[in-house]
Amino acid sequence: MIYVFKTSVDSRSKFESASTLLQELLPNTLWNFDLEDCDNILRIDSELDVPNLIQNNGIFDCIELE
């Protein structure tokens, strides 16, 4: 399943922190940020319950888009 989130990742340092967190929480999962998009989109392709794993993570804000 592909999940799409609006995020607060808008700088290199936030991207690096978010990347570290995602690698820890979602090993072997495909994900990417589109920081050129006005909503700093994060896309995750996973069979896991991703919203429960990454929302309220303390590193970056994210809202699932439908």
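What counts as what
- Residues numbered from 1 in each chain as written.
- Predicted model: local features only at pLDDT ≥ 70, side-chain atom pairs only at ≥ 80, totals over all residues.
- Heavy atoms only, no water.
- Pairing = 2+ DSSP bridges.
- Helix = DSSP H or I, 4+ residues; strand = E, 2+ residues; numbered from the N terminus.
- Axes fitted to C-alpha atoms, helices over the stretch in contact; angles between N-to-C directions.
- Contact = heavy atoms within 4.5 Å.

## Digging into the sheet that holds strand 4 (residues 62-65)
Here is step 1: With respect to topology, four strands assemble into an open sheet ordered 2-3-1-4, the strand pairing being antiparallel. Of all the strands in the sheet, the pair left with one neighbour each is strand 2 (30-34) and strand 4. Along the sheet, successive strands turn relative to each other by an average axial angle of 25°, direction set aside.
Here is step 2: Relative to strand 3 (residues 41-45), strand 2 runs antiparallel, the two being bridged by five bridges. Looking at the pairing, aspartate 34 lines up with isoleucine 41 of strand 3.
Here is step 3: Each of strand 2 and strand 3 is contacted by helix 1 (residues 12-25), which is oriented at about 165° to strand 2, the strand it contacts most.

That's the geometry; what it means functionally is another story.
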